[in-house]
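In case you want the letters, here they are:
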Amino acid sequence: PFVFQSLQGEQWIVREQGAVVTSPERFSCALTHKLPSCYLAEMTVKLNGHEGGIAIGADEAFYGKGIFLHIEPRHGRVNVISGLRDRPYVGYCLPFGVEQECFVQPDEQGAYRLQILQSGELISVYINGQALSLRAANAKDGSLGLFAYAGSLEVSDLKVFCCKE
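Residues numbered from 1 in each chain as written. Predicted model: local features only at pLDDT ≥ 70, side-chain atom pairs only at ≥ 80, totals over all residues. Heavy atoms only, no water.

### A few points about the overall build of the protein chain
Consideration 1: Of regular secondary structure, the protein chain possesses zero helices and 11 strands.
Consideration 2: When contacts within the protein chain are restricted to residue pairs at least 6 apart in sequence, those whose partners lie at least 24 apart make up 62%.
Consideration 3: Of the accessible surface of the protein chain, which amounts to about 7,900 Å², a share of 51% is contributed by carbon and sulfur atoms. (Helix = DSSP H or I, 4+ residues; strand = E, 2+ residues; numbered from the N terminus. Contact = heavy atoms within 4.5 Å. Areas by Shrake-Rupley, 256 points an atom, 1.4 Å probe, with all protein chains shown as cover.)

Laid out in structure tokens, this is it:
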């Protein structure tokens, strides 16, 4: 089972294979234990609200380190922002901070199916079958994080498989 530590905002409810938060008017984030340098993480994400997402390789400060996948359902896209470019409040995304984006809609159940493969500083992300390839030197030796801004985020079916080093 995963242990998520609430870092900011509302309290996260931890489930056997995921976590959920409802944060109607502010930013909330949580962090799990450190991940190995090579792993595959699979999860289902449901987002109801303005914005939320997954942090890859984050630390307790929740900015300055890692990669942040900002899911914006109203715009039908996922923005990728490096922790090096983000501000101390991850929930506030400025257009010039976006390094990559892909346009993706949720599935029929309103969910995003994510697969994240990280090997050192190389990261491949699949979101409902769409691929993003990233290079992130500042995402090594970090943790998996979750965040929501002005809405709710639910992560379920979370599984992490470690690779041989």
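### Re the packing of aromatic side chains
To describe a pair of aromatic rings, one takes the distance between the centres and the angle between the planes.
Consideration 1: Within the structure shown, the criterion is met by five aromatic pairs.
Consideration 2: Taking the centre distance of 6.5 Å and the plane angle of 55° together, the rings of Phe27 and Phe62 count as tilted. Highlighted residues: Phe27 in strand β3 (residues 18-34) and Phe62 in the loop between β4 (38-58) and β5 (67-72), separated in sequence by 35 residues. For the residue pair Phe27 and Phe62, the accessibility class agrees, reading buried in each case. (Phe/Tyr/Trp six-rings, centres within 6.5 Å; stacked < 30°, edge-to-face > 60°. Buried < 20%, exposed > 50% of the residue type's maximum accessible area, 1.4 Å probe, protein only.)

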